Amino acid sequence: MSTTTTLLLARHGQTVWHAENRYAGVSDIALTDTGRAQAEALGRWAAAHPVDAIWTSPLSRAVATAEPACRALRLTPHREPALAECDFGVLEGRTLAQFAAENPQRAKAFRTDPAANPFPEAEDPVTAAARGTAALRRIAAAHPGDRVLVVAHNTLLRLVLCSLLSIPLSEYRRVFPKLHNTALTELRMNTGGSAALISLNVPCEL
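Residues numbered from 1 in each chain as written. Predicted model: local features only at pLDDT ≥ 70, side-chain atom pairs only at ≥ 80, totals over all residues. Heavy atoms only, no water.

Asks: Can you break down the layout of surface pockets residue by residue, with the values?
Replies: If you add up the space inside the largest pocket, you get close to 440 Å³. In terms of lining, the largest pocket is formed by 20 residues, of which the most central are Arg11, Asn21, Tyr23, Asn154 and Arg158. Elements with a minimum of two residues in the lining of the largest pocket: α1 (16–19), α4 (96–102) and α7 (154–164). Among the elements that line the lining of the largest pocket, the one with the most residues is α7, at three residues. (1 Å grid on protein atoms, 1.4 Å probe; cavity = no way out; pocket = protein on both sides within 12 Å on 5 of 7 lines; lining within 4 Å. Points joined across faces, edges and corners; volume = space filled by probe spheres on them. Helix = DSSP H or I, 4+ residues; strand = E, 2+ residues; numbered from the N terminus.)

Here it is in structure tokens:
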């Protein structure tokens, strides 16, 4: 008999680098005042729509985003290293426009197929998708029939969505242009590991 777990995926709140459209992958960048307000809004959403467990990336921007929800529901968050954002290599702290000005051919290749042409010294998107997908499946298996809030990152979650929904990884930037800060994406996963996308990018406060 199949058991369905509901995963509510949220990108962390805004950081200084994200406000400036800079890549913040493994760099541990703090939330802005706007990001902290977004985290509080997610906490209010959790109070009104309780979940059974909360999992986060180990990066401080994700942990801080989950904290108001944990406080509202009196839950201790589980930190999952495999939910950390992708390493963007030489793009850490920089914008794609800056990179394109220095290396237009490499930037064009990335825009054409970001999975096959990652940034220099960056994590392989295929590897990132595999670790993130495995993490969500482990979380679903640990909470059969439950509702679980998962706070992670823009690129990792988009890669994982493609992996779970059988969309080519090369299309992740086109199919999922952006996950908004603290917006919620609902997945339902059964014990066999298959997933259904129920909603995408729904603001936690309307």
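Asks: Before we move on, could you go through the environment of Thr182 and cite the residues and values that matter?
Replies: With respect to the element layout, Thr182 can be found in the loop between α8 (172–175) and β5 (184–190). Residue Thr182 is classed as buried on the basis of its relative accessible area of 4%. Those residues in contact with Thr182 that lie beyond four places of it in its chain are Arg11, His12, Gly13, Gln38, Ala39, Leu42, Thr65 and Cys204. (Buried < 20%, exposed > 50% of the residue type's maximum accessible area, 1.4 Å probe, protein only. Contact = heavy atoms within 4.5 Å.)

Asks: Lay out the nonpolar core with the relevant residues and their values.
Replies: By size, the foremost hydrophobic cluster in this structure holds 39 residues, and its most contacted members are Leu7, Leu9, Phe119, Leu136, Ile139 and Val150. Broken down by element, the residue count for this core peaks at seven residues, all from α7. Not counting chain neighbours up to four residues away, the residues in contact with Val150 comprise Leu8, Leu9, Ala10, Trp55, Leu83, Leu136 and Ile139. Ranked by size, the runner-up nonpolar core spans 17 residues in total, among them Ala46, Ala62, Cys70 and Val151. (Core = buried A, V, L, I, M, F, W, Y, C linked by side-chain atoms within 4.5 Å.)

Asks: So what about the packing of helix α2 (residues 33–48) against helix α3 (residues 60–73)? Which residues, and what values?
Replies: Relative to each other, α2 and α3 sit at 30°, their axes nearing to 7 Å. By the angle between their axes, α2 is roughly parallel relative to α3. In this structure, α2 meets α3 at a crossing whose hand is right-handed. Here Ala39, Glu40, Leu42, Gly43, Ala46 and Ala47 of α2 lie close against α3, whose contacting residues are Ala64, Thr65, Pro68, Ala69, Arg71, Ala72 and Leu73. For the contact of α2 with α3, the residue count by class is nine nonpolar, two polar and two charged. (Axes fitted to C-alpha atoms, helices over the stretch in contact; angles between N-to-C directions. Parallel < 35°, antiparallel > 145°, perpendicular 65-115°, else oblique. Left-handed = near helix turned anticlockwise from the far one by under 90°. Nonpolar A, V, L, I, M, F, W, Y, C, P; charged D, E, K, R; others polar.)

Scope: geometric values only; no functional claims are made or implied.
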